[in-house]
Amino acid sequence: MCGRDAALATLLVLAALPTVHAGHGLMNAFADIEWLPDPGRTPASPDYFLDRAAESARLALTDAPGRFALLLELLREKLAEVDAMVRADRRAEAAVAVTAYRDYLERAAGLAASDDAARTLAAALLEHQYIMSVNYLDLPRDTRPVIGGVMTAAATHYERLRDALPRTFREAQFFKEEEVRWSWETAQQADAQGL
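Definitions and limits used
- Residues numbered from 1 in each chain as written.
- Predicted model: local features only at pLDDT ≥ 70, side-chain atom pairs only at ≥ 80, totals over all residues.
- Heavy atoms only, no water.
- Helix = DSSP H or I, 4+ residues; strand = E, 2+ residues; numbered from the N terminus.
- Contact = heavy atoms within 4.5 Å.
- Polar contact = N/O pair within 3.5 Å; in protein donor to acceptor, adjacent residues only side chain to side chain.
- Axes fitted to C-alpha atoms, helices over the stretch in contact; angles between N-to-C directions.
- Parallel < 35°, antiparallel > 145°, perpendicular 65-115°, else oblique.
- Nonpolar A, V, L, I, M, F, W, Y, C, P; charged D, E, K, R; others polar.
- Left-handed = near helix turned anticlockwise from the far one by under 90°.
- Buried < 20%, exposed > 50% of the residue type's maximum accessible area, 1.4 Å probe, protein only.
- Core = buried A, V, L, I, M, F, W, Y, C linked by side-chain atoms within 4.5 Å.
- Phe/Tyr/Trp six-rings, centres within 6.5 Å; stacked < 30°, edge-to-face > 60°.

(A) Broad picture of the overall build of the protein. Looking only at helices and strands, one finds eight helices and zero strands in the protein. The long-range share in the protein, meaning contacts at least 24 apart out of those at least 6 apart in sequence, stands at 77%.

Okay, structure coming up:
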């Protein structure tokens, strides 16, 4: 087969392959992401304080190794609460969930002493940023800026964790970091354009 025939055959094979579309290209670094859980009780519920008390009790009764895993679970739950409250156009209640997210994030970061825990938390924080930035444009324009509090907290902690981890980990996160950056910049541009 001559060079021209090989090139033509390659183009035909590539044209026949299915493509995976992200908003900006042909690949999504978060293709296997687990989306947010059901938020359960939210800050809009009159008995939300019971939910927070139960979370505090669970954390107090869980041993140190299990506490980190529980905090990761609670972080996702708080993200779901933020999302639900923003969708319901409940700005003050969304801010309560953002505060709870930040609190749990501080606690999780304090327990991420080993490289394995730091890697796990860093990966979770990239996912949190991605989920919130992708959902952003589907949310009510008046309340969605509350999400900036989550994005700032997650990005700040992610950078601290990433900078302390080995170079191989940092390099492996490049595409996910770019996906988050692109998604969040797109969301912020939409706000700037009044969309």
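So that's the structure; there's more coming.
(B) Just the environment of T62, in detail. As for its position among the elements, T62 is in the loop between α2 (48-61) and α3 (64-87). Look past the residues within four positions of T62 in its chain and what remains in contact with it is R67 and L70. Looking at T62, its side chain comes within polar contact range of the main-chain oxygen of R58, at 2.5 Å.

(C) Examining the packing of helix α4 (residues 91-111) against helix α6 (residues 147-164) more closely. Interaxial distance between α4 and α6 falls to 9 Å at its minimum, and their mutual angle equals 10 degrees. With respect to α6, the element α4 is oriented roughly parallel. Of the residues in α6, those in contact with V98, Y101, R102, L105, E106 and A109 of α4 are G149, V150, A153, A154 and H157. Grouping the constituent residues of the contact of α4 with α6 by class yields seven nonpolar, two polar and two charged.

(D) Seen up close, the packing of α3 against α4. Interhelical geometry of α3 versus α4 gives an angle of 160 degrees and a closest axis separation of 8 Å. What the angle tells us is that α3 and α4 run roughly antiparallel. At the point where α3 passes α4, the crossing takes the left-handed sense. Residues R67, F68, L71, L74, L75, K78, L79, E81, V82, M85 and V86 of α3 lie in contact with α4, whose contacting residues are E93, A94, A97, V98, A100, Y101, Y104, L105, R107, A108 and L111. The residue inventory of the contact of α3 with α4, partitioned by class, reads 17 nonpolar, no polar and five charged.

(E) Seen up close, the environment of D51. Relative to the assigned elements, D51 resides in helix α2. With a relative accessible area of 14%, D51 lands in the buried category. Separated by 10 residues in the primary sequence, D51 and R41 place their C-alpha atoms 6.8 Å from one another.

(F) Spatial organisation of the nonpolar core. The biggest cluster of nonpolar side chains holds 50 residues, and the ones touching the most others in it are L75, V82, Y101, L121, L125, M132 and I147. No other element matches the 12 residues that α3 contributes to this core. When sequence neighbours within four positions are dropped, the list of residues in contact with L125 reads Y101, L105, A154, H157, Y158 and L161.

(G) Spatial organisation of the packing of aromatic side chains. Per the counting criterion, the structure on display carries four aromatic pairs. Each ring, one from W35 and one from Y130, has its centre 6.2 Å from the other, and the planes form 85 degrees; the classification is edge-to-face. Of the two residues, W35 sits in the loop between α1 (3-16) and α2 while Y130 sits in helix α5 (residues 115-135), which places them 95 residues apart along the sequence. Its relative accessible area of 35% is what places W35 among the partly exposed residues. Note on F174 and F175: the rings are 5.2 Å apart at their centroids and 75 degrees apart in plane angle, and the pair reads as edge-to-face. Exposure remark for F174: the relative accessible area of 43% places this residue in the partly exposed category. We classify F175 as exposed; its relative accessible area is 54%. Grouping aromatic residues by their ring pairs yields a cluster made of F30, W35 and Y130.

So, to be careful, I would describe these as geometric facts and stop short of saying anything about function.
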